[in-house]
Amino acid sequence: MIVLYQFPGGDGVSSVSPPCVRVEMALRLLGVEYRRVDLRTRRAARRVSVTTRLPVLEIDGERITDSIAILDTLERRWPQAPWIPADPAERVRDRAWEHFANDHVYFMAHYLRWLSPEYRERWIDV
């Protein structure tokens, strides 16, 4: 059984977290059955992740944290994953962009959403 632990979403979006959405999209693309568990608090997240970071994917009792590590695991278990480019050079380029987005774009969006007072108020109103 596969279980995806993630932050909940709303307004038709499965999660407020881009890494959580990315993992759920990968599971859907693979067509595998999984159960989604939405965790709403840091305390709940700490029960499945010592770092409290989500997503966490549980496969056969093993818990994998970090969306990139999760995608690596899915790619090893399902080598036919449709998002994997056939060309090795393209795979390297895709992974470099993925790390860039994870390390820079995500945290800028996080800053704008929660730490910048102007944008925080706008996000909370939505």
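Residues numbered from 1 in each chain as written. Predicted model: local features only at pLDDT ≥ 70, side-chain atom pairs only at ≥ 80, totals over all residues. Heavy atoms only, no water.

**Remarks on the sheet that holds strand β2 (residues 35–38)**
Here's step 1: On the basis of which strands lie adjacent, the open sheet formed by four strands has the order β2-β1-β3-β4 and mixed pairing. Each of the sheet's edge strands pairs with one partner strand only, and the pair in question is β2 and β4 (62–65). Strand after strand, the sheet turns through a mean of 20° between neighbouring axes, direction not considered.
Here's step 2: Summarising the sheet, strand β1 (residues 2–6) and β2 pair through four bridges and their orientation is parallel. (Pairing = 2+ DSSP bridges. Helix = DSSP H or I, 4+ residues; strand = E, 2+ residues; numbered from the N terminus. Axes fitted to C-alpha atoms, helices over the stretch in contact; angles between N-to-C directions.)

**Let's talk about the nonpolar core**
Here's step 1: Core analysis: the largest hydrophobic core is formed by 15 residues, its most contacted members being Ile2, Leu27, Leu57 and Leu74.
Here's step 2: At the level of elements, β1, α1 (18–30), β3 (56–59) and α3 (67–77) are the ones that each hand at least two residues to this core.
Here's step 3: The dominant element in this core, judged by the number of residues it contributes, is α1, at four residues.
Here's step 4: Contacts of Ile2, omitting those with residues within four sequence positions, involve Leu27, Val32, Glu33, Tyr34, Arg35, Leu57, Glu58, Ile59 and Trp78.
Here's step 5: Counting 10 residues, the second-largest nonpolar core is a separate cluster that includes Leu39, Ala44, Val48 and Val56. (Core = buried A, V, L, I, M, F, W, Y, C linked by side-chain atoms within 4.5 Å. Buried < 20%, exposed > 50% of the residue type's maximum accessible area, 1.4 Å probe, protein only. Contact = heavy atoms within 4.5 Å.)

**Concerning the pattern of salt bridges**
Here's step 1: Inspection of the entire model under this criterion finds nine salt bridges.
Here's step 2: Taking the shortest distance from any N to any O, the salt bridge between Glu98 and Arg22 comes out at 3.9 Å. Taken together, the residues Glu98 in helix α4 (residues 88–115) and Arg22 in helix α1 connect sequence positions 76 residues apart.
Here's step 3: The class of Glu98 is buried, set by a relative accessible area of 13%.
Here's step 4: Across the pair Asp38 and Arg36 runs a salt bridge, and its minimum N-O distance is 3.5 Å.
Here's step 5: Through salt bridges with shared partners, a single ionic network connects Arg22, Asp72, Glu75, Arg95 and Glu98. (Salt bridge = Lys/Arg side-chain N within 4 Å of Asp/Glu carboxyl O.)

These figures capture arrangement, not role.
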